[in-house]
There are 2 protein chains.
Amino acid sequence: MLLAADTTRLAIEAKLFRGFGDPSRLAILSALCQEPLTVGAIVGLTGLSQPNVSNHLSCLRECGLVAAEQQGRFVTYRLSDDRVAELITLAEGLLADIALGVYECTRYRVPGDAQTE
Amino acid sequence: MLLAADTTRLAIEAKLFRGFGDPSRLAILSALCQEPLTVGAIVGLTGLSQPNVSNHLSCLRECGLVAAEQQGRFVTYRLSDDRVAELITLAEGLLADIALGVYECTRYRVPGDAQTE
DNA sequence: TCATCATATCAGCATATGCTGATATGATGA
DNA sequence: TCATCATATCAGCATATGCTGATATGATGA
């Protein structure tokens, strides 16, 4: 059995991964891999609504994945650590090799359809 | 704006991250970082219910994060790629430095409580 | 052949999550 | 001081997700 301490650690680490585990948030993080950006710039790049972007940014900032800096009326966000970009790069490499499997996950699964494998 | 191809790629990659983004699944993956395990062994190690473990394993297998091998009545699961373990290790390192932030995320947020920061 | 065992699957549920439209906040320049 | 602009926050909703208890599946040894 796992110790309680491990359970807590795993819960926190899962939360960290979940920061990356949404298409909108991952789009934001990917954009920030290039350069720091204002909220407006992220809205423009991703095509997400402004409240949606702000919500995700709050979430990402609380989890420590991004950092914010206010500059006048603008707020510029950047990745808080190089390892955030590294995680994305590593996942992309992994994905390249197992892409077929994940792609299958994205298909609609008709119940009774033996399309698996 | 993001191209449609990027949107698809991000959606698939987010799905990959989501495989890690649940405490139960991460506990399973962490256990498999040590050695391949049968479903029963995973149930014993994690304390999760057997149906729950089987469900998560199906999910992880579909996404290509783990591979299964039937041996008699037993099914042994293992990580499908070394990078799965690498991602977990990298995230743990990152977590060590931003732990405070993520920890804050785990607290109950009383509405109106200005506990942030 | 049949009881047993390991695993997979299922329906149903409670809860978490992501989004939208509306609005609040707070900084700026006139 | 006030209109404007960038961003944050909010309520409400539709949907996704994770779990449980029950049951199905399929392999094994007697």
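Structure first, text after, so check above.
Residues numbered from 1 in each chain as written. Chains lettered and ligands numbered in written order. Predicted model: local features only at pLDDT ≥ 70, side-chain atom pairs only at ≥ 80, totals over all residues. Heavy atoms only, no water.

Draft legend 1. Structural detail: the packing of aromatic side chains. Overall, the coordinates contain three aromatic pairs over all chains when judged by the stated rule. Considering the side-chain rings of phenylalanine 17 of chain A and phenylalanine 20 of chain B, the 4.8 Å spacing of their centres and the 25° angle between planes classify their relative orientation as stacked. Taken together, the positions of phenylalanine 17 of chain A in helix 1 (residues 4–20) and phenylalanine 20 of chain B in helix 1 (residues 4–20) put the pair across two chains. Given a relative accessible area of 0%, phenylalanine 17 of chain A falls into the buried group. The exposure class of phenylalanine 20 of chain B is buried, given its relative accessible area of 0%. Put simply, the rings of Phe17 and Phe20 of chain A together with Phe17 and Phe20 of chain B touch in pairs and so form one group of aromatic residues. (Phe/Tyr/Trp six-rings, centres within 6.5 Å; stacked < 30°, edge-to-face > 60°. Helix = DSSP H or I, 4+ residues; strand = E, 2+ residues; numbered from the N terminus. Buried < 20%, exposed > 50% of the residue type's maximum accessible area, 1.4 Å probe, protein only.)

Draft legend 2. Expanded view of the sheet that holds strand 3 (residues 74–79) of chain B. Here we have three strands laid out as an open sheet, ordered 1-3-2 (chain B), and antiparallel in their pairing. For this open sheet the edge positions go to strand 1 (37–38) and strand 2 (66–71) of chain B, each flanked by a neighbour on one side alone. (Pairing = 2+ DSSP bridges.)

Draft legend 3. Up close: the protein's contact with DNA strand C. Taken together, the neighbourhood of DNA strand C is formed by 23 residues, with Ser24 and His56 of chain A together with Gly40, Gln50 and Tyr77 of chain B sitting nearest. Counted by atom, the contact set of DNA strand C within 4 Å of the protein is 69% sugar and phosphate. The side chain of arginine 18 of chain A places a nitrogen or oxygen atom 3.3 Å from a phosphate oxygen of DNA strand C. Looking at the surface near DNA strand C, the elements that each hand over two or more residues are helix 2 (23–34) and helix 4 (50–62) of chain A together with helix 3 (39–46), helix 4 (50–62) and strand 3 of chain B. Broken down by element, the residue count for the surface near DNA strand C peaks at five residues, all from helix 4 of chain B. For the surface near DNA strand C, the per-class residue count stands at six nonpolar, 11 polar and six charged. (Near = heavy atom within 4 Å. Polar contact = N/O pair within 3.5 Å; in protein donor to acceptor, adjacent residues only side chain to side chain. Nonpolar A, V, L, I, M, F, W, Y, C, P; charged D, E, K, R; others polar.)

Draft legend 4. Focus on the protein's contact with DNA strand D. Near DNA strand D there are 23 residues, and of these Gly40, Gln50 and Tyr77 of chain A together with Ser24 and His56 of chain B occur at the shortest range. When atoms of DNA strand D within 4 Å of the protein are split into backbone and base, the sugar-phosphate part holds 68%. Between aspartate 22 of chain B and DNA strand D, the recorded distance is 3.4 Å, taken from a side-chain N or O atom to a phosphate oxygen. In the model, a phosphate oxygen of DNA strand D is placed 2.4 Å from a nitrogen or oxygen of the histidine 56 of chain B side chain. Breaking the surface near DNA strand D down by element, the ones donating at least two residues are helix 3 (39–46), helix 4 and strand 3 (74–79) of chain A together with helix 2 (23–34) and helix 4 of chain B. Per-element accounting of the surface near DNA strand D gives the leading share, five residues, to helix 4 of chain A.

Draft legend 5. Quick peek at the packing of helix 1 of chain A against helix 2 of chain A. Residue and element names in this part refer to chain A. Where helix 1 contacts helix 2, the axes come no closer than 6 Å and their chain directions differ by 80°. By the criterion of interaxial angle, the relationship of helix 1 to helix 2 is roughly perpendicular. Where helix 1 abuts helix 2, its residues Arg18, Gly19 and Phe20 lie against Arg25, Leu26 and Leu29. A per-class count over the contact of helix 1 with helix 2 returns three nonpolar, one polar and two charged. (Axes fitted to C-alpha atoms, helices over the stretch in contact; angles between N-to-C directions. Parallel < 35°, antiparallel > 145°, perpendicular 65-115°, else oblique. Contact = heavy atoms within 4.5 Å.)

Draft legend 6. Structural view of the relation of the copies chain B and chain A. With an RMSD of 0.0 Å, the operation that places chain B on chain A is a rotation of 180° combined with a shift of 0.0 Å along the axis. The symmetry that links the two subunits is that of a two-fold axis. Here 100% of the interface residues in chain B have copies in chain A that are interface residues too; the copies meet face to matching face. (Least-squares fit on C-alpha atoms with pLDDT ≥ 70 in both.)

Draft legend 7. Just helix 4 of chain B, in detail. Residues and elements named next belong to chain B. The terminal C-alpha atoms of helix 4 lie 18 Å apart, and with 13 residues this matches the ideal 18 Å at 1.5 Å per residue to within 8%. Within the sequence span of helix 4, burial applies to Val53, His56, Leu57 and Leu60. Summarising the axial view, the buried residues of helix 4 lie within an arc of 105°, below the 170-degree limit, and thus occupy one face. Check the buried side of helix 4 and you find it contacts helix 1, helix 2, helix 3, strand 2 and strand 3. Directly after helix 4, the chain includes glycine 64, whose backbone phi takes a positive value near 85°. (Expected span 1.5 Å × (residues − 1). Arc of directions from axis to C-beta.)

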